[in-house]
Amino acid sequence: MANEFPSTARVVIVGGGVMGVGLAYHLGHEGWGADTVLLEKSELTSGSTWHAAGQITHSTSSFGLGKCVDYNISLYSGVLEAETGQPVTWHGCGSFRLAYTEDEMDWLRHTLSVGRALGFNIELVGPEEIAKQHPFYNLDGVLGALHTPDDGHVDPTNVTMAMAAGARQKGVRIIRQCRATNITQLPSGEWQVETERGAITCEHVVNAGGTYARQMGEWSGLQLPMTSMTHHYFVTEPVPEFQGLERELPVIRDDKKVSGYIRMEQNRGLIGIYEKENPNSVWHDHCPWEYENWLFDADYDRVMPYLEESLNRMPVFAELGIQRDVHGAISHPPDGNPLIGPAPGVRNYWCCCGTQIGIGWGPGLTRELARWMVHGSADISMRDFDPRRFGSYATKDWQVVKAEEDYCLRHEIPFPHFNRLAGRPIKPSPLHELLKAKGAVHEEVYGFERPRFFAKGIAQEDHYSFNRTPVDDMIASEVKAVREAVGIMDVTAFTKVMVQGPDAYALLDRLTANRMPQKVGAITLTHMLNRAGRIELETTIVRMGEDRFYLVCAAFFEQRLLDHLAHQRDGEDVTITALSANWSALSLNGPLARDVLANCTDADLSNAGFRWLSAQEINVAGHSIWALRMSYAGELGWEFHMPNAACLDVYNALWTAGEPHGITDYGSFAMNAMRMEKGFKGAGELTNEVTLAEADVLRFARQDKDYLGRDKTLNTDLPWICAYLEIEPDGKADGHGGEAVMLDGDVVGATASVVFGPTVGKILAFAYVKPSAATPGTELEVVIHGQARAARVLGEPAYDPNSDKPRTDAKVSA
Ligand SMILES: NCCCC(=O)O
C-alpha cells in the first residue's frame, strides 16, 4: 500500500533540508530512488535551509568545491526547473569579491588560476569596471575584484522543493511530520530508524540532520564534530535608487570591511555579516526538537561595526531602516569543510551534514555522496570532506572552540597552509615541548602536532602570504642540511596500525595491489583500492613477524584505514590494532645518517647487514625500537618506530650523536619539498578520484595477483594522467595547487601539489593532465597567480633519478 508507513528501505535519509533532499534527488538519479525514504520531522527546509541567504559563487580556490559549485549553478540556472517543472527563482546577477590589500589581490589571482583550470567564466577587474557594474558601492581603497558573472542567488526553499519533486519523480518516498527518535545498528548489520510512526529497517542510513545532526549521531554512539553558529543577515527598506534598474546588481563579497556580502533583495538591500570576533555558538548539548523555522532575536551589538561599515560602503542604505533581520543557526565543522561520507567506525552510516554553505555547496556534494554510496567512490577527491578526518580527540568542547574559530575565519584570507590555532595542542608528541623550544612551528594533523619548520632568525610563527616568505629560506636551509649532512624529523603523526593473526597475510594480500613483503623484515609500498578501483590510500607495510604486519600511512588516514580493513574483512582471523596514539616515530635522513646511527647502535648498518627497504628491531638508548631503512626524502635514511616512552631518549641519543655531523631538525615543509624533488607522490595526488593507472603508479601493482579493484586498474582508456612537471620560478610566487595547466593555449589539466625544490632550483608539480599532454618533454604552461609560466613534463625524478643515494653503501666515517 503506497501510503502505508514503510518498514524497510535500502536507504533512509533523516533530515529534509537542502542536504538531505539533495541526496535523495541524486540517489534517484543514480538509480536508488525507489529504494530510498526521506524522513523530515516537520516541513522540508524548516531547519537551517529556509533562512539561508541563497547566494552561490564560482569564487573558490578549492578545486573540489569548485566542481560542486559549477554543477550547482547549472542546476539552479536551468536544469532543475526544466527537469521538474518547479521554479527555483534563479537570479543570475554575477558577483564581485573585492580586494583592498595586495594579499587579497594575491588570493584573487590564485582563485583565478584555479577557476581557469575549472573552465569558469572568471576575471580580475579594476575599480572602474566594478563601478560600471555596481555604481552604488563605495570603492574607497578597493584595488580590484574577482568578477564571476555566472554567479547568482536562488530561493533556498524553492530549490529544495524542486529537488524534492525531482526525487519523487525518481521514486523516492518523502515522509514529512515524522520525527526519527533513534538510530541503532541491528546484529545483522542493518540499521533501524525508529520514528514517531514506526521503525524502518534499512541497509544504509544517512544523517542529514543539520543542526540536529550531532545529537542524532549520539544515538548511534557517534561523536560527529560540528557546532551550531548563529549568523545574521538584514534586509533594508526599499531602496529608491534600485527602482528602475535595468539589471540586478552583482552580489558583492567584501571580506575585509563588511566581513560578509551585500546584494539586492528585489528592491531592497540585503547585508550578511560574519563577525570576526565574539561569535555566538548555540545548542552545545541539544537543539530542541520542537524548533521549526526558528530564528533568534537580532544581536545588533555583535555585528554593529560591520553593519555600520556596510552602510558606509553602500551609502544608499544609510538612511533606510532595517525591515527584516534573519538570525539563524548553521552547522559549522571544526575546519570549515562539511562532513560528507561514511561515519567513523561503522558500516553504511553516512554523514551528510556539518555544512555551513548548503545552497552554495549542497547539491554538488550530495551528488558525490550518492555516487560514493551507489558505486563505491565519489568522482571528486573527498579527502577534505570525509568525516573520518577527525578522531576521538574532537570532543564536544573542542568542537565548539573550533566551530567558533571557523565562523570568524569565514571572511578571512585563506592563506596557503593557514594554521588554525584554536584548541591546540590536542595531541602533542613526546617531543612537542622540546621541539617548540628549538624553534618549531607546529601544524595540526589528525589532532597531532607536527613541526612544519624551525624558525631561525625569524619570528617563531607562521608567515602568511601567497608569495614567498622568509619561511622559504628556513625550508631551503633544512633541505640543504638533509641533502648534504643529516636531519631528523618528528613523524609521530603518521598513522600506525598493526595487523596480526593467522590470516593477516591473506587479508592484506587481498586488499593491496603490490606484492606483500615475503620475508620477516621486508618492506613494501602499496596501495589499497575501493571497489570502484580508485585509490583508497597508500601505505607502507613492514613484515614484523610471520603473521604480524605494521602499516604506516598519512596521518589523517587512520580511521579510513581501520574502517577499510574492518569492512573488507571477510571472516579472516586477524587482530587490528591502532598504534598511532601510543607509538612515536622519527625520521633520520641524509648522507651522514649511517654515521649518526652507528654511534647509537651495535646493529650492522652496511648494505649487507641492513638492506634498503628492510626493517630490523635494534637497540638505541636502551630501548628496543623498529628501524625501517627507507626515506621519503630520497636520502640514505631510517625511520624509527617505538612506544612513546622511548621517543625522547632515542631523539636525544640521535641528536647527541649527530651534533658532530651538523645534525638539523627539519619539518614537514622541507619533507614535502624533498619528496617532490624525488618525484614521490603523496596524499594530494593519490585520491579516490583516480585509479593506479591515472596516478601513474601502476609499477606498484602486480597484475599476477588478484586484489580488490584490480579489474578497474586494467582500463587503459584514461581521461587524465598524473604528470610530473618542472615550472620556471619567478622568485616571487610558486603556486599552491589547483592551477590550470595549458597546452598551446588550451586548458589540459590542473596541478595537484606544487612546491619549490630548493636543491634543483625549480618549481615542481604533480598535475592531472590529458594523456596527450603527459609525455615527458612536453612543453606546457601553468597559470600561477593568473600568469602563464613555462613548464615541462619530466620523465624522471628531478633529484637523484637513479635513487643511488638511499641505496648507498658509503662507509661509516672514522
Ligand atoms: N551565508 C552564506 C553566504 C555565502 C556567500 O554567499 O558567500
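Residues numbered from 1 in each chain as written. Predicted model: local features only at pLDDT ≥ 70, side-chain atom pairs only at ≥ 80, totals over all residues. Heavy atoms only, no water.

Enquirer: Got a minute to help me understand the state of the cysteines in this structure?
Expert: Two cysteines, two sulfur atoms, one covalent bond between them: this is a disulfide. This structure, assessed with the given rule, holds 0 disulfides. Cysteine Cys-600 shares no disulfide, and the gap to the nearest cysteine sulfur, in Cys-647, comes to 14 Å. (Disulfide = S-S within 2.5 Å.)

Enquirer: Just to check I follow, could you spell out helix 16 (residues 668-677) for this structure?
Expert: Since the α-helix packs 3.6 residues into each turn, any two residues three or four apart lie on the same face. A large share of helix 16 lies buried, amounting to 9 of its 10 residues. The set of residues buried in helix 16 consists of Ser-668, Phe-669, Ala-670, Met-671, Ala-673, Met-674, Arg-675, Met-676 and Glu-677. Note on helix 16: the residue one or two positions beyond its end, Gly-679, has a positive phi of about 75°. (Buried < 20%, exposed > 50% of the residue type's maximum accessible area, 1.4 Å probe, protein only. Helix = DSSP H or I, 4+ residues; strand = E, 2+ residues; numbered from the N terminus.)

Enquirer: Would you mind going over the UniProt feature "domain: FAD dependent oxidoreductase" (unreviewed entry) in the protein with me for this structure?
Expert: With numbering aligned to this structure, UniProt lists the feature "domain: FAD dependent oxidoreductase" (unreviewed entry) at residues 10-372. Annotated as 29% helix and 28% strand, the span residues 10-372 places its first and last C-alpha atoms 15 Å apart. (UniProt positions renumbered as here; feature names shortened; annotations may be inferred.)

Enquirer: In this structure, what is going on with the packing of helix 1 (residues 18-29) against helix 2 (residues 63-84)? I would like to understand it.
Expert: Each pair of packed helices can be summarised by the angle the axes make with each other and by the distance between the axes. Packing of helix 1 against helix 2 brings their axes to within 15 Å, and their N-to-C directions diverge by 70°. The angle between helix 1 and helix 2 places the two elements in the roughly perpendicular class. Crossing hand, helix 1 versus helix 2: left-handed. Listed contacts from helix 2 to Tyr-25, His-26 and His-29 of helix 1 are Tyr-71, Leu-75, Leu-80 and Glu-83. Class assignment for the residues of the contact of helix 1 with helix 2 results in 4 nonpolar, 2 polar and 1 charged. (Axes fitted to C-alpha atoms, helices over the stretch in contact; angles between N-to-C directions. Parallel < 35°, antiparallel > 145°, perpendicular 65-115°, else oblique. Left-handed = near helix turned anticlockwise from the far one by under 90°. Contact = heavy atoms within 4.5 Å. Nonpolar A, V, L, I, M, F, W, Y, C, P; charged D, E, K, R; others polar.)

Enquirer: Help me out: how do you make sense of the UniProt feature "domain: FAD dependent oxidoreductase central" (unreviewed entry) in the protein in this one?
Expert: The UniProt entry lists residues 375-427 under the feature "domain: FAD dependent oxidoreductase central" (unreviewed entry), expressed in the numbering used here. Here residues 375-427 is 28% helix and 0% strand, with 36 Å between the C-alpha atoms at its ends.

Enquirer: Is there a simple way to think about the nonpolar core in this case?
Expert: Nonpolar side chains tend to gather and get buried jointly when the protein is soluble and globular. The biggest cluster of nonpolar side chains holds 61 residues, and the ones touching the most others in it are Ile-13, Leu-23, Leu-27, Met-163, Val-206, Leu-369 and Met-373. Ignoring sequence-local partners within four residues, the contact set of Leu-27 consists of Val-11, Ile-13, Trp-32, Gly-33, Thr-36, Ala-370, Met-373 and Val-374. (Core = buried A, V, L, I, M, F, W, Y, C linked by side-chain atoms within 4.5 Å.)

Enquirer: What should I look at first to understand the pattern of salt bridges in this one?
Expert: It is possible for side chains of opposite charge to pair when their charged atoms get near one another. As enumerated under the stated definition, the model contains 45 salt bridges in all. In this structure, Glu-689 engages Lys-67 in a salt bridge whose closest nitrogen and oxygen atoms are separated by 3.1 Å. On the criterion of sequence distance, the pair formed by Glu-689 in the loop between helix 16 and helix 17 (710-713) and Lys-67 in helix 2 is long-range, its members being 622 residues apart. Under the relative-accessibility criterion, Glu-689 is labelled buried at 14%. On the basis of relative accessibility, which here comes to 26%, the residue Lys-67 falls in the partly exposed class. (Salt bridge = Lys/Arg side-chain N within 4 Å of Asp/Glu carboxyl O.)

Enquirer: For this particular structure, what's the right way to read unusual backbone geometry?
Expert: In most cases, non-glycine residues show a negative phi, while peptide bonds are predominantly trans. Omega for the bond connecting Arg-424 with Pro-425 falls within 30 degrees of zero, at 0°, which places this linkage in the cis form. Of note in this structure, Asp-800 is not a glycine but carries a positive phi near 45°. The topology assignment puts Asp-800 in the segment after strand 38 (787-793).

Enquirer: What am I meant to see in the pairing of strand 6 (residues 144-148) here?
Expert: One face of the sheet, then the other: side chains in a regular strand alternate in exactly this way. Buried residues dominate strand 6, accounting for 5 of its 5 residues. Residues Gly-144, Leu-146 and Thr-148 point to one face of strand 6 and Ala-145 and His-147 to the other, with burial holding for every one of them. Here strand 4 (residues 95-99) runs beside strand 6; their pairing, made up of 5 bridges, is antiparallel. What sits directly across from Leu-98, in strand 6, is Ala-145. (Pairing = 2+ DSSP bridges.)

Enquirer: Would you take a moment to explain the environment of Asp-379 for this structure?
Expert: As for its placement among the helices and strands, Asp-379 is situated in the loop between helix 8 (358-375) and helix 9 (396-409). With a relative accessible area of 31%, Asp-379 lands in the partly exposed category. Along the backbone, Asp-379 and Gly-745 are 366 residues apart, and their C-alpha atoms lie at a distance of 27 Å. Those residues in contact with Asp-379 that lie beyond four places of it in its chain are Glu-368, Arg-371, Arg-534 and Glu-689. Of the polar contacts made by the side chain of Asp-379, one reaches the side chain of Arg-371; its length is 3.5 Å. (Polar contact = N/O pair within 3.5 Å; in protein donor to acceptor, adjacent residues only side chain to side chain.)

Enquirer: Explanation requested: the site of the ligand in the structure shown.
Expert: With respect to spatial proximity, the complete set of residues near the ligand consists of Gln-55, His-231, Arg-253, Tyr-261, Tyr-274, Ile-357 and Arg-410. Between the ligand and Gln-55 there is a distance of 2.8 Å, counted from an oxygen atom to a side-chain nitrogen or oxygen. The side chain of Tyr-261 places a nitrogen or oxygen atom 3.5 Å from a nitrogen atom of the ligand. In isolation the ligand exposes 250 Å². Once the protein is present, 91% of that is buried. (Near = heavy atom within 4 Å. Areas by Shrake-Rupley, 256 points an atom, 1.4 Å probe, with all protein chains shown as cover.)

Enquirer: Is there a simple way to think about the domain arrangement of the protein in this case?
Expert: Accessible area lost during the coming together of the parts is what is often quoted as the interface size. In terms of domain boundaries, the protein breaks down into domain 1 (8-332) and domain 2 (495-579). A separation of 40 Å is found between the C-alpha centroids of domain 1 and domain 2. (Domains from an automatic or database assignment.)

Enquirer: What am I meant to see in the sheet that holds strand 31 (residues 637-643) here?
Expert: The strands making up a sheet are joined through hydrogen bonds of the backbone, oriented either antiparallel or parallel. A sheet is described by the order of its strands in space; here 6 strands give the open sequence 29-30-31-28-22-32, paired in mixed fashion. The open sheet has two edge strands, strand 29 (615-620) and strand 32 (664-665), and neither has a second partner. Where strand 28 (residues 583-589) lies against strand 31, 7 bridges are found, and the strand directions are antiparallel. If you follow Ser-584 over to strand 31, its bridge partner there is Met-642.

Enquirer: For this particular structure, what's the right way to read the pairing of strand 1 (residues 8-14)?
Expert: Most of strand 1 is tucked away, with 5 of its 7 residues classed as buried. Across 6 bridges, the pairing between strand 1 and strand 11 (residues 198-207) is parallel. For Val-11, the partnering residue across the bridge sits in strand 11 and is His-204. Sheet topology note: the strand 1/strand 2 (residues 36-39) ladder contains 4 bridges and is parallel. Across the sheet, residue Val-12 finds its bridge partner in strand 2, namely Val-37. Read as a crossover between parallel neighbours, the route from strand 1 over helix 1 to strand 2 is right-handed. (Right-handed = clockwise from strand over helix to strand, strands pointing away.)

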